Amino acid sequence: MVEVNFESVSKRFEDGFTAVKNLNLQIRDGEFLVLLGPSGCGKSTTLRMLAGLEDVSAGSIYIGEAKVNDLPPGARGLGMVFQSYALYPHMTIAENLSFGLRMVKDETRLPDGEIVKRVQEIAKLMELGDQLDKKPKQLSGGQRQRVALGRALIRRPQVLLMDEPLSNLDAELRHQMREEIRRIHDTLGTTTVYVTHDQIEAMTLADRIAILNHGELQQHGAPLDVYNQPANDFVRGFLCKHIDEIVDTANNLFPKE
């Protein structure tokens, strides 16, 4: 596990639009950091620059001691989980989990016995041990998301990246998967960067929240610290007011006797 550092990082697209502006942010070793903000605020672009899926226009990104601006995605030691499960429908769950390991062609490829061992270990962690012979279509949405997460973790990445991974699930499944994701993080301690626009998701998952708006970092800190001490009107409205309204609605629906 390692730290991640964004040092004065900006992203400008060819049409002149600046999606991320002079971002300075340190993600600590083993931390679960949530990038939070409305659509178009730059959070997914930030994640994609870290993943190597977008070029950095200015500044530097470090994973550990290594500057990774020019490294291809596969050389960064990352695991990635996105909105789409991207599972292979013709493969079993075991084959989906092991696919990345089996595709390695050089001397770093693990022996077949080690690959089988890792599949069993990750299936146990994801509570998928009795699903390994099934195809994705036979699984629930929550189970498929666990497979996608397990496929990212089976390679034992230095950093785990997740971009709105629960957006395709219904409310009950989102709640269950939030608990699962936090449980898995607490078990493995992998440095994690998680993107969402959902304030409740951020508050329940994060060790620390970094709130973005119009490509600029507005505030970062522990969830309750940010809620209790918002840095500006945007944070106060986007995070605090929204949560207060949810609490008020719940109190009105279920009044105390």
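Just so it is clear, the model here is predicted, and its values are computed rather than measured. Numbers given for residues are sequential positions, taken from 1 along each chain in its written order. Per-residue local features of the predicted model are confined to residues with pLDDT of at least 70, and side-chain atom pairs are confined, for both listing and counting, to 80 or more; whole-chain, interface and lining totals are unaffected and use all residues. As a rule here, side-chain values come from all non-hydrogen atoms in the structure, and water together with hydrogens is ignored.

Caption draft 1: Focus on the nonpolar core. We define the nonpolar core as a collection of buried residues of types Ala, Val, Leu, Ile, Met, Phe, Trp, Tyr and Cys that are connected through side-chain atoms lying within 4.5 Å of one another. Per-residue accessibility, obtained with a 1.4 Å probe over protein chains only, is compared with the maximum for each type, and a residue is labelled buried under 20%, exposed over 50%, and partly exposed between these values. Core analysis: the largest hydrophobic core is formed by 43 residues, its most contacted members being Leu149 and Ile181. Whether two residues are in contact is decided by their heavy atoms: any pair within 4.5 Å suffices. With residues up to four places along the chain from it excluded, the contact list for Leu149 reads Val81, Met126, Leu160, Met162, Ile181 and Ile184. Core analysis: the next-biggest nonpolar cluster, separate from the first, contains 27 residues, Ala19, Cys41, Leu47 and Ala51 among them.

Caption draft 2: Quick peek at the sheet that holds strand β6 (residues 78-81). Strands were regarded as paired on the criterion that DSSP finds at least two bridges between them. The helix and strand labels rest on DSSP assignments: H or I over at least four residues marks a helix, E over at least two residues marks a strand, and numbering proceeds from the N terminus. Taken in spatial order, the six strands make up an open sheet running β6-β7-β8-β3-β9-β10, and their pairing is mixed. In this open sheet, the two strands that pair with only one neighbour each are β6 and β10 (216-221). Put simply, the sheet's adjacent strands are angled 15° from each other on average, direction ignored. Judged from the four bridges that link them, β6 and strand β7 (residues 159-163) form a sheet pairing that is parallel. Residue Gly79 lies in a different strand from β7, and its bridge partner there is Leu160. Along the sheet, helix α4 (residues 141-153) makes contact with β6 and β7, crossing β6 at roughly 170°. All axes are obtained by fitting lines to C-alpha atoms, using only the stretch in contact for helices, and the reported angles, taken between N-to-C directions, cover 0 to 180 degrees.

Caption draft 3: View of the pattern of salt bridges. Counted as salt bridges are all cases of a side-chain nitrogen of Lys or Arg within 4 Å of a carboxyl oxygen of Asp or Glu. One pass over the full model with this rule turns up twelve salt bridges. Between Arg48 and Glu54 there is a salt bridge; the shortest N-O distance is 3.5 Å. Across the pair Glu114 and Arg118 runs a salt bridge, and its minimum N-O distance is 3.4 Å. On the criterion of helical spacing, the pair formed by Glu114 and Arg118 is a turn pair, its members being four residues apart in helix α3 (residues 112-125). The class for Glu114 is partly exposed, based on a relative accessible area of 23%.

Caption draft 4: Summary view of the sheet that holds strand β5 (residues 66-67). With antiparallel pairing, four strands are arranged side by side in an open sheet as β2-β1-β4-β5. In this open sheet, the two edge strands, each paired with only one partner strand, are β2 (18-27) and β5. For strand β1 (residues 4-12) and β2, the ladder comprises six bridges, and the chain directions are antiparallel. Counted as the bridge partner of Asn5 is Gln26 from β2.

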